Amino acid sequence: MKNRLKELRGEKGWSQQALAERLDVSRQTVNALETGKYDPSLPLAFKLGRLFGEPIESIFDDEGAG
């Protein structure tokens, strides 16, 4: 699944580690999310939406999935 996490994180000036700490996940999880190797759970997706002040569908794009 494509996403804008790296872009949004960059706008905040946060490292992967800084974002991971805010989400209470590992830096490796953030990296896997950003590279599309891992899709977030629904609770994590909502947490990301709240953190960036964006609706989930503006962060994650499931076009072409399936």
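Analysis parameters
- Residues numbered from 1 in each chain as written.
- Predicted model: local features only at pLDDT ≥ 70, side-chain atom pairs only at ≥ 80, totals over all residues.
- Heavy atoms only, no water.
- Helix = DSSP H or I, 4+ residues; strand = E, 2+ residues; numbered from the N terminus.
- Rg over C-alpha atoms; globule rule 2.2 N^0.38 Å.
- Contact = heavy atoms within 4.5 Å.
- Areas by Shrake-Rupley, 256 points an atom, 1.4 Å probe, with all protein chains shown as cover.
- Buried < 20%, exposed > 50% of the residue type's maximum accessible area, 1.4 Å probe, protein only.
- Arc of directions from axis to C-beta.

**Q** Any details on the overall build of the protein chain? Residues and values, ideally.
**A** The helix and strand tally for the protein chain stands at five helices and two strands. Moving toward the C terminus, one meets the helices and strands of the protein chain in the order β-α-α-α-α-α-β. By the compact-globule yardstick of 11 Å for 66 residues, the protein chain fits well, its C-alpha radius of gyration being 11 Å. Dimensions of the protein chain, computed from C-alpha atoms along their principal axes, come out at roughly 30 × 25 × 20 Å. Long-range pairs, those at least 24 residues apart, make up 55% of the contacts in the protein chain with a sequence separation of at least 6. Entry remark: accessible area of the protein chain is about 4300 Å², with carbon and sulfur atoms responsible for 48%.

**Q** Tell me about helix H1 (residues 5-12), and name the residues and values.
**A** Along H1, the positions that sit buried rather than exposed are Leu5, Leu8 and Arg9. Burial along H1 is one-sided: seen end-on, the buried residues are contained in an arc of 100°. Those residues of H1 that are exposed and angled more than 90 degrees off the buried face are Lys6 and Glu11. Elements in contact with the buried residues of H1: strand S1 (2-3), helix H2 (16-23), helix H3 (27-34), helix H4 (42-52), helix H5 (56-59) and strand S2 (60-61).

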